[in-house]
Amino acid sequence: MNRDTICVQGGYTPGNGEPRQIPIVQSTTFKYNTSEDMGKLFDLEAEGYFYSRLQNPTCDAVARKIAALEGGTAAMLTSSGQAANFFALFNICQCGDHIVSSSTIYGGTFNLISVTMAKMGVEVTFVEPTCSEEELNAAFRPNTKAVFGETIANPALTVLDIEKFAKAAHSHGVPLIVDNTFPTPVNCQPIKWGADIVTHSTTKYMDGHGACIGGAIVDSGNFDWMAHADKFPGLCTPDESYHGITYAERFGKEGAFITKATAQLMRDFGCCQSPQSAFILNLGLESLHVRMARHCANALAVAQFLEKHPKVAYVDYCGLESSPYHALAQKYMPNGSCGVVSFGLAGGREAASTFMKSLRLAAIETHVADARTCCLNPASSTHRQMNDEQLKAAGVPAELVRMSCGLESSEDLIADIAQALDQV
Ligand SMILES: *Cc1c(COP(=O)(O)O)cnc(C)c1O
């Protein structure tokens, strides 16, 4: 099936007389006739449901659709994008291990890796996404277990050279994990370029309506855990907490990663998505391919307008030919990247504040990837504890505005931006 068709019909095929829409199975538990039947489920010998913290039919149908969209072999939903990235890393990293990560990643993930996982004994080396192959290879240690990056970073909007990062990861015998939240599988399939595990904050474009927090993890099924068994004991030696199962042996390359993350991490941490949220997420997925095209067209029109405006000092958008990431974006995302544009007001912090106050259509929100256009001045909100020097170093100078272009008419959006710039 074409990706557009998978968006609409993937993951769920009703039988004769069954509901056309994915049923919301609003049940914590499932009934069995004998204890033996249930025992087989607990031993992972039979497939089926017993408790919705681990698996639920509604969530599984939506996860199957996301797996198909990314070209993966297995997927799971999580309660948030934060939980997805934590599970993806913690499934293969433990105390004493090390991660190599791109430095331009989402603030929440940066904290997760550099502060919270550090407390768990997992160390990290951050590398610039534009680093040379030599610099990248130099970041690895004998205890490195994963490489992490974002296809398009939020909010830095850098584009990851997926092939460069995959090559380095694989030459050191570890997988590349890519957070593909911003382009979505409609615009980029990182697995095709060498990523082994793909994560999502489904809160963003996949949901697309600012309705539900959620996350997803997809396994490509390509990474050979057994070929690097010494590095990944959690997958390649018996799990005493799960009847001595060796995940990589029992479920192979295609199923081991997601089965372990479900049977172990979801069991113990419980960051599951509710069937209601999964249903709403699926409504978003049904129109994802149509919406992404519009988000990208609106963002390009806005970026082109801003680039020519005398009150705008610079514009960051990889769809612009002036962007240093234009060539990479053309290679990995020829049909468009995402709807988020960053730009700096020539008049500095005060100009940014006047501009934002004067907008009528674009709302000020800590959110992106919504049907409704929204914007944020990090210096006066998410990063307001920093002084101007620190803001510059963090890549969010005081005059920076991040605008997430929604699905409105681009003419109206540009007219709104133009009148707000007139007030500056
Ligand atoms: C928002 C976001 C996250 C975190 O997702 P939540 O659903 O808010 O937990 C992770 N990665 C990226 C790239 C994001 O934009």
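About the thresholds
Residues numbered from 1 in each chain as written. Predicted model: local features only at pLDDT ≥ 70, side-chain atom pairs only at ≥ 80, totals over all residues. Heavy atoms only, no water. Helix = DSSP H or I, 4+ residues; strand = E, 2+ residues; numbered from the N terminus. Rg over C-alpha atoms; globule rule 2.2 N^0.38 Å. Buried < 20%, exposed > 50% of the residue type's maximum accessible area, 1.4 Å probe, protein only. Contact = heavy atoms within 4.5 Å. Areas by Shrake-Rupley, 256 points an atom, 1.4 Å probe, with all protein chains shown as cover. Lys, Arg positive; Asp, Glu negative; His and termini not counted. Charge placed at Lys NZ, Arg CZ, Asp CG, Glu CD. Near = heavy atom within 4 Å. Core = buried A, V, L, I, M, F, W, Y, C linked by side-chain atoms within 4.5 Å. Salt bridge = Lys/Arg side-chain N within 4 Å of Asp/Glu carboxyl O. Polar contact = N/O pair within 3.5 Å; in protein donor to acceptor, adjacent residues only side chain to side chain. Pairing = 2+ DSSP bridges. Axes fitted to C-alpha atoms, helices over the stretch in contact; angles between N-to-C directions. Phe/Tyr/Trp six-rings, centres within 6.5 Å; stacked < 30°, edge-to-face > 60°. Lys NZ or Arg CZ within 6 Å of the ring centre and 35° of its normal.

K.L.:
Which parts of the structure should I look at to understand the overall build of the protein?
P.N.:
In terms of helices and strands, the protein carries 16 helices and 12 strands. Relative to the globule expectation of 22 Å for 424 residues, the C-alpha radius of gyration of the protein, 22 Å, shows essentially globular dimensions. The principal-axis extents of the C-alpha atoms in the protein amount to approximately 75 × 55 × 35 Å. Put simply, the protein has 424 residues, and 54% of those count as buried. Partitioning the intrachain contacts of the protein with sequence separation of at least 6 by distance along the chain shows that 73% fall at a separation of at least 24. Taken as a whole, the protein presents about 17500 Å² of accessible surface, with 51% of it coming from carbon and sulfur. Measuring between centres, the 31 positive side-chain charges of the protein sit 3 Å from its 44 negative side-chain charges.

K.L.:
What exactly am I supposed to notice about the site of the ligand here?
P.N.:
Close to the ligand lie 15 residues; Asn154, Asp179, Ser201, Thr203 and Lys204 are nearest. About the coverage of the ligand: the protein hides 94% of its 380 Å² of free accessible area. Among the elements that make up the shell around the ligand, the one with the highest residue count is helix 4 (residues 81-90) (three residues).

K.L.:
For this particular structure, what's the right way to read the nonpolar core?
P.N.:
Here is a general trend for soluble globular proteins: nonpolar side chains tend to be buried in one another's company. Counting residues in each nonpolar core, the largest one holds 95 residues, and the members touching the most others are Ile66, Leu77, Ile92, Leu176, Ile217 and Trp225. Considering every element that reaches this core, the biggest residue donor is helix 10 (residues 247-269), with nine residues. Discounting residues that sit within four places of it in the chain, isoleucine 92 has contacts with Asp97, Lys145, Ala146, Pro175, Ile177, Trp225, Phe232, Leu235 and Phe257. Formed by 26 residues, the second largest nonpolar core is a distinct cluster that contains Ala303, Val341, Cys405 and Ile417.

K.L.:
Explain unusual backbone geometry to me, please; I cannot follow it from the model alone.
P.N.:
Trans peptide bonds make up most of the peptide bonds, and negative phi angles are found at most residues other than glycine. Residue asparagine 154 is joined to proline 155 through a cis peptide bond whose omega torsion reads 5 degrees. With respect to the helices and strands, the residue proline 155 is situated in the loop between strand 4 (144-150) and helix 7 (162-171). Of note, the phi angle at leucine 157 is positive, near 65 degrees, even though the residue is not glycine. Along the chain, the position of leucine 157 falls in the loop between strand 4 and helix 7. Its relative accessible area of 6% is what places leucine 157 among the buried residues.

K.L.:
Sorry if this is basic, but what is going on with the side chain of aspartate 219 here?
P.N.:
Relative to the helices and strands, aspartate 219 is located in strand 7 (residues 215-219). The side chain of aspartate 219 sits in the buried core without any salt bridge; lysine 253 is the nearest counter-charge, 9.8 Å away. A distance of 2.9 Å separates a polar side-chain atom of aspartate 219 from the backbone nitrogen of glycine 221. Look past the residues within four positions of aspartate 219 in its chain and what remains in contact with it is Gly72, Thr73, Ala74, Asp196, Ile197, Lys253, Glu254, Phe257 and Ile258.

K.L.:
I tried to follow the sheet that holds strand 1 (residues 74-78) on my own but got confused; where do I start?
P.N.:
Spatially, 1-7-6-5-4-2-3 is the arrangement adopted by the seven strands of the open sheet, whose pairing is mixed. The open sheet has two edge strands with one neighbour each: strand 1 and strand 3 (123-127). Averaged over all neighbouring strand pairs, the angle between strand axes comes to 20 degrees, with direction disregarded. Those strands touched by helix 7 are strand 3, strand 4 and strand 5 (176-179), and its axis lies near 150 degrees from that of strand 5.

K.L.:
How do you make sense of the environment of threonine 259 when you look at a structure like this?
P.N.:
Take threonine 259: it is sitting in helix 10. Beyond its immediate stretch of four places on either side in the chain, threonine 259 contacts Leu44, Tyr247 and Phe251.

K.L.:
Hey, could you run me through the pattern of salt bridges in this one?
P.N.:
For the coordinates displayed, the defined rule picks out seven salt bridges. Close ionic contact of arginine 372 with aspartate 370 constitutes a salt bridge, the shortest N to O distance being 3.0 Å. According to the relative accessible area criterion, aspartate 370 is buried, its value standing at 4%.

K.L.:
Explanation requested: the sheet that holds strand 10 (residues 363-364) in the structure shown.
P.N.:
Strand pairing within a sheet occurs via backbone hydrogen bonds; the two strands may be parallel or antiparallel. Strand order in the open sheet made by the five strands is 8-9-12-11-10, with mixed pairing throughout. With one partner strand each, in any of the chains shown, strand 8 (312-316) and strand 10 form the two edges of the open sheet. The sheet contact formed by strand 10 and strand 11 (residues 374-376) spans two bridges and is parallel. Paired with alanine 363 across the bridge in strand 11 is cysteine 374.

K.L.:
Sorry if this is basic, but what is going on with the packing of aromatic side chains here?
P.N.:
For any pair of aromatic rings, the description rests on two quantities: the centre-to-centre distance and the angle between the ring planes. Applying the stated criterion across every chain yields a total of 15 aromatic pairs. Between phenylalanine 86 and phenylalanine 90, the aromatic rings sit 5.1 Å apart at their centres with planes inclined by 20 degrees, giving stacked as the arrangement. Placement of both phenylalanine 86 and phenylalanine 90 in helix 4 is noted, with a separation of four residues, approximately one turn of the helix. Given the relative accessible area of 11%, phenylalanine 86 is considered buried. The exposure class of phenylalanine 90 is partly exposed, given its relative accessible area of 21%. Taken together, the ring pairs in this structure connect Phe86, Phe87, Phe90 and Phe269 into an aromatic cluster. Of note, lysine 204 hangs over the ring of tyrosine 106, and the distance from its end group to the ring centre comes to 5.0 Å.

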